[in-house]
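Chain residues, written in single-letter form:
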Amino acid sequence: MTGGVADTSDGPRIVVLAGGVGGSKFVVGVREAARRRWPDAAGGARAEITVIVNTGDDLWLSGLRLQPDVDSMIYALAGVNDTARGWGRAGESERVATELQAWGAGWPWFTLGDLDLGAHIARTGWLRDGASVTEVVDRLASRWPLGIRLLPMTDTEVDTHVFTAQGRMHFQEWWTRHRATLPAQGFDAPGIAQSAPAPGAVDALAAADVILFAPSNPVVSLGPILSVPGIADAVRAAPGAVVGVSPIIAGAPVRGMADACLAAIGLAATADAVGHHYGARAAGGLLDAWLIAEEDASLAGGLEAAGLRAPVHPLWMRDLDTATALAAEALHSAELDAHQTS
Ligand code: FO1
């Protein structure tokens with residue numbers, strides 16, 4: 001492992017790379033694990049948690065800028081998310097969406113809830129007034145005390161598109177309209193090669209005691225973050241430990257349709273294929289450790305042979321306690337024991 005231990009009486013600096021729905025469950029677990037392990041007098045954590053969130057599934061719709069992963073992260077950390085549906089706000093209504101449909105505006109398969117629309121309108125207004133994406137995310141995140149710092153991966157618009165036999169379409173059309181059933185021939189994020197990390201992202205990675213890869217989609221959630229020039233290099237060079245959590249258990253995605261995305265880039269939907277895809281830092285890759293599920297324990301040997309520590313742990317995040325236990329295990333794998341626990 002490359003470092004990972006900061007000799008300080010304060011809590012650690014933790015950076016998480018994450019997508020939306022699965023990523024936000026994990027980040028809620030990280031915040032709670034940090035609260036329990038490094039409590040402060042105010043009921044929070046002495047750890048400094050920075051989340052670098054995917055903006056590759058952002059889109060323009062009906063004149064509004066939507067950032068599904070940013071919003072899923074904010075809503076989940078604020079406790080105002082719709083936990084049954086997995087996206088959007090709890091207690092949502094759809095009066096405006098019904099009107100939009102009557103006007104033939106937007107996408108009939110993509111519902112904009114009334115409360116959610118408040119965020120899209122606020123964001124679009126601020127962007128139109130000249131604010132950067134980083135500033136807008138900061139303003140949105142300041143509404144509730146989230147206990148983390150939220151950064152977009154980049155200030156540049158780099159919306160993901162999917163190539164299929166029916167042509168090229170926005171990622172959200174492929175994901176929500178076609179439920180990822182149209183075989184994807186590839187993904188494209190125009191502009192990403194010319195983009196730059198959001199201000200503060202590379203510095204956060206360089207200062208981190210631990211970098212965590214949330215169990216998010218490796219292709220369309222963490223893939224875009226790592227494709228922003230400078231981010232993967234900053235992870236490779238980071239002095240802190242880098243620990244990933246497998247989004248695949250026993251050959252199936254924990255949630256979502258990650259298998260369809262993995263197939264498009266020629267990867268099997270297995271925990272070891274994704275671990276090898278990220279690779280061991282010892283061999284020029286990105287990770288020091290890769291948490292895999294108990295169901296995949298037999299894969300640990302192959303991962304360790306490739307230079308990746310592969311701790312085995314229950315990976316299902318059913319509630320706050322299981323998400324917290326998973327995050328605690330990921331932090332434990334980073335060997336942060338030098339940080340005082342109280
Ligand atoms: N997902 C759906 O399956 N159907 C929807 O109508 C839908 C609307 C929607 C509106 C705003 C938003 O921020 C997210 C929304 N999502 C919807 C979720 C989203 O499409 C994806 O789950 C994520 O982008 C993938 O991480």
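Here the structure is a predicted model, which is why all the values come from computation and not from measurement. (Residues numbered from 1 in each chain as written. Predicted model: local features only at pLDDT ≥ 70, side-chain atom pairs only at ≥ 80, totals over all residues. Heavy atoms only, no water.)

Take the overall build of the protein next. Scanning the protein from terminus to terminus reveals 13 helices and 13 strands. Here the C-alpha radius of gyration of the protein, 19 Å, is about what a compact globule of 342 residues would show, namely 20 Å. Taking the principal axes of the C-alpha coordinates as reference, the protein spans close to 60 × 50 × 35 Å. The buried share of the protein, reckoned over its 342 residues, is 55%. Considering only residue pairs separated by 6 or more positions, the protein has 70% of its internal contacts joining residues 24 or more positions apart. (Helix = DSSP H or I, 4+ residues; strand = E, 2+ residues; numbered from the N terminus. Rg over C-alpha atoms; globule rule 2.2 N^0.38 Å. Buried < 20%, exposed > 50% of the residue type's maximum accessible area, 1.4 Å probe, protein only. Contact = heavy atoms within 4.5 Å.)

This part is about the site of the ligand. Close contacts around the ligand come from Asp57, Pro68, Asp69, Trp87, Trp109, Phe110, Thr111, Asp116, Gln172, Trp175, Thr176 and Arg179, and that covers them all. Separating an oxygen atom of the ligand from a side-chain N or O atom of Asp57 is a distance of 2.6 Å. Between the ligand and the protein, one listed contact pairs a nitrogen atom with a side-chain N or O atom of Trp87 at 3.2 Å. When isolated, the ligand has an accessible area of 530 Å², and the protein chains bury 90% of it. Looking at the shell around the ligand, the elements that each hand over two or more residues are helix 2 (68-78) and helix 6 (171-177). Ranked by residues supplied to the shell around the ligand, first place goes to helix 6 with 3 residues. Among the residues making up the shell around the ligand, the classes are represented as 5 nonpolar, 3 polar and 4 charged. (Near = heavy atom within 4 Å. Polar contact = N/O pair within 3.5 Å; in protein donor to acceptor, adjacent residues only side chain to side chain. Areas by Shrake-Rupley, 256 points an atom, 1.4 Å probe, with all protein chains shown as cover. Nonpolar A, V, L, I, M, F, W, Y, C, P; charged D, E, K, R; others polar.)

Another point: the pattern of salt bridges. Under the criterion given, the structure shown has 12 salt bridges. A salt bridge links Asp71 to Arg123; the shortest N-O distance between them is 2.7 Å. Note that Asp71 is positioned in helix 2 and Arg123 in helix 4 (residues 114-128), a separation of 52 residues in sequence. Each of the two residues, Asp71 as well as Arg123, counts as buried. (Salt bridge = Lys/Arg side-chain N within 4 Å of Asp/Glu carboxyl O.)

Within the secondary structure layout, Gln172 lies in helix 6. Filtering out sequence-adjacent residues up to four positions away, Gln172 remains in contact with Asp57, Leu59, Pro68, Trp107, Trp109, Phe110 and Arg177.

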